Amino acid sequence: MSPVSTGIFERLESEVRTYCRTYPTVFDTANNARQRDVGGREFIDFFGGAGVLNYGHNNARMRQAMIDYMMADGVAHSLDFYTRAKAEFMTRFEEVILKPRALDYKLQFPAPTGTNVVEAALKLARKATGRMDVIAFTNGFHGMSLGALACTGNAHFRDAAGVPLDHVLRVPYDGFAGEGRNSLDVLERELDDASSGIAPPAAFIVETIQAEGGVNVASREWLQSLQKLARKHGSLLIVDDIQVGNGRTGRFFSFEDHGIEPDLVCLAKGIGGYGTPLGLLLIRPEYDMWKPGEHTGTFRGQDLSFVAGAEALNYYKTPDFLDAVRGKGEGVKAKLESIAARKEGIRLRGRGMIYGLDFGSGERAAKVIKAAFETGLLIGGCGTDGRVLKFMSPLTIEDDTLSEGLDLLEQAVREAA
Ligand SMILES: Cc1ncc(COP(=O)(O)O)c(C=O)c1O
């Protein structure tokens, strides 16, 4: 019996709660890819805070940097005042991320969460082009505030909006229209034809891998034709890298291998390093058309997040970290392929350190998630009806913990699928 029960949550917390229903215990401590509940049960974490915990739980380097900052009376909250913590984060981001990739972006810190960053991106694209409509994709997930929700595909989330979700046109994502059919071909013809009824949009907003949408991976060719289309029609290309940026694909940005250069890039989740919230919009300088204070917010200056986030960027100073991520990813892929091959109707998708096992039915996937939880593994569901199991461990996971977790997953699939 746990010393703390789930009763307080069930009695007092809103019905809106979700993940805790799948993992009905009270968590207490965590370190890298292992979490313990109040009863001392240990779990291996393949959930990874949905892209927040890329550097693991309680990363010792980031924790120490934050402790040192606090003990020196470092400013903890600063709206958009200039602070030392922010200067250090920005300097490191420029030196470690932008310069080596020859990328030229201005930085905007709109607010702590991903949906805030998406709102800023949409608003800026509309302002820059003077156009209202945005094109988003089937199964896209961009957040819960109204602008971002309008770009999100999932009916469960959309139905709760309470108002019309306007000014977004939905187009099939790569692969949605069926094997070998490029969903952008028709769109291109429509945009080329002034009588098609479809006007060029302010922007295209796209995830290179749709994480919440079911780990759907867009091809290099498709993303390149999307960029071409955007450029041809004077629309901005927004890449939402909130979940699969920050090293998840084996590159810092998920689009690095694709030969595209988005006009706006949305980052959040892992950019704060420790799980400390931070949102960051990257803006091609010519589109930085904001007037001072035109898009504001109280929590723009998250100094503890700047401190932890700057420490996280140290991982990218040498190629070792991303080399290790890609190496681990290969091992994960091989193991998941063998798991998928042993049962009927399981398909594997993914890249780097994000993989989806598509069970074809939400019911079947839910059974595996439950069995995994019972064997001591945390893994989440995504995609239509939750039919895809999403592997997303911390990138820093130790090799032995990773293989132990994959064995637990194999066992859960054997027992439940
Ligand atoms: C691609 C993507 N964009 C936006 C969001 C929204 O981020 P947040 O939940 O921090 O508002 C998410 C969250 O899962 C996401 O995966």
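Since we're looking at a predicted model, the values are computed, not measured.

Peer 1: So what's going on with the site of the ligand? Which residues, and what values?
Peer 2: Looking at the ligand, the residues that line it are T113, G114, T115, F141, H142, G143, E207, E212, D240, I242, Q243 and K269. Measuring from an oxygen atom of the ligand, one finds a backbone N or O atom of G114 at 2.8 Å. Between an oxygen atom of the ligand and a side-chain N or O atom of K269, the distance comes to 2.9 Å. For the ligand, whose accessible area on its own is 390 Å², the fraction buried by protein is 83%. Considered class by class, the residues forming the shell around the ligand number two nonpolar, six polar and four charged.

Peer 1: Before we move on, can you summarise the nonpolar core with the specific residues and values?
Peer 2: Formed by 90 residues in total, the largest nonpolar core has its most connected members in F89, F93, F137, F204, F253, Y316 and L409. Inspection of this core shows a minimum of three residues originating in each of domain 1 (7-59 + 319-416) and domain 2 (74-316).

Peer 1: Please give an account of the side chain of S393 that cites residues and values.
Peer 2: By the element assignment, S393 lies in the loop between β17 (388-391) and α13 (399-416). Once residues within four sequence positions are removed from consideration, S393 is found in contact with D45, F46, R248, M353 and L402.

Peer 1: Talk me through the environment of R34; I want residue IDs and the actual numbers.
Peer 2: Residue position: R34 is located in strand β2 (residues 34-37). When the C-alpha positions of R34 and P394 are compared, they lie 9.8 Å apart, and in sequence the two are 360 residues distant. Dropping the residues within four chain positions of it, R34 is found in contact with T29, E42, F43, I44, T401 and E404. At a separation of 2.9 Å, a polar atom in the side chain of R34 contacts the side chain of E42.

Peer 1: Quick rundown of helix α3 (residues 60-71)? Include the residues and the values.
Peer 2: With 12 residues, α3 should cover 16 Å at 1.5 Å per step; its first-to-last C-alpha distance of 16 Å lies within 8% of that length. Buried residues along α3 sit against α4 (84-98) and α10 (303-313). Following α3 by one or two positions, D73 adopts a phi angle in the positive range, close to 60°.

Peer 1: Tell me about the packing of helix α11 (residues 320-341) against α13, and name the residues and values.
Peer 2: Contact geometry of α11 with α13 gives a least axis separation of 11 Å together with a crossing angle of 15°. What the angle tells us is that α11 and α13 run roughly parallel. Every pair of crossing elements has a handedness; the one defined by α11 and α13 is right-handed. Of α13, the residues touching α11 (which contributes K328, V332, K335, L336 and I339) are D399, L402, L406, D407, L409, E410 and V413. Class assignment of the residues belonging to the contact of α11 with α13 gives a composition of seven nonpolar, no polar and five charged.

Peer 1: Go over the packing of aromatic side chains, please, and point to the residues and values.
Peer 2: Under the counting rule described, the total for this entry stands at 23 aromatic pairs. Pairing Y19 with F47 gives two aromatic rings, centres 5.0 Å apart and planes at 80°, and the pair type is edge-to-face. Placement of Y19 in helix α2 (residues 19-22) and of F47 in the loop between β3 (42-45) and α3 is noted, with a sequence separation of 28 residues between them. Here Y19 falls in the partly exposed class, since its relative accessible area comes to 44%.

Peer 1: Could you give me a rundown of the packing of α3 against α10, with the residues and numbers involved?
Peer 2: Relative orientation of the contacting elements α3 and α10 amounts to 140°, with a least axis distance of 9 Å. Relative to α10, α3 is oriented oblique. Seen along the crossing, α3 lies across α10 with a hand that is right-handed. From α3, R61, M62, A65, M66, Y69 and M70 reach across to α10, where they touch D303, L304, V307, A308, E311 and A312. Considered class by class, the residues forming the contact of α3 with α10 number nine nonpolar, no polar and three charged.

Peer 1: Summarise the pairing of strand β1 (residues 27-31); cite the residues concerned and give the values.
Peer 2: One ladder, built from four bridges, connects β1 with β2; its direction is antiparallel. Counted as the bridge partner of F27 is D37 from β2. If you look at the hairpin formed by β1 and β2, you'll find two residues sitting between the two strands, and N32 has a positive phi there, around 45°.

What counts as what
- Residues numbered from 1 in each chain as written.
- Predicted model: local features only at pLDDT ≥ 70, side-chain atom pairs only at ≥ 80, totals over all residues.
- Heavy atoms only, no water.
- Near = heavy atom within 4 Å.
- Polar contact = N/O pair within 3.5 Å; in protein donor to acceptor, adjacent residues only side chain to side chain.
- Areas by Shrake-Rupley, 256 points an atom, 1.4 Å probe, with all protein chains shown as cover.
- Nonpolar A, V, L, I, M, F, W, Y, C, P; charged D, E, K, R; others polar.
- Core = buried A, V, L, I, M, F, W, Y, C linked by side-chain atoms within 4.5 Å.
- Buried < 20%, exposed > 50% of the residue type's maximum accessible area, 1.4 Å probe, protein only.
- Domains from an automatic or database assignment.
- Helix = DSSP H or I, 4+ residues; strand = E, 2+ residues; numbered from the N terminus.
- Contact = heavy atoms within 4.5 Å.
- Expected span 1.5 Å × (residues − 1).
- Axes fitted to C-alpha atoms, helices over the stretch in contact; angles between N-to-C directions.
- Parallel < 35°, antiparallel > 145°, perpendicular 65-115°, else oblique.
- Left-handed = near helix turned anticlockwise from the far one by under 90°.
- Phe/Tyr/Trp six-rings, centres within 6.5 Å; stacked < 30°, edge-to-face > 60°.
- Pairing = 2+ DSSP bridges.

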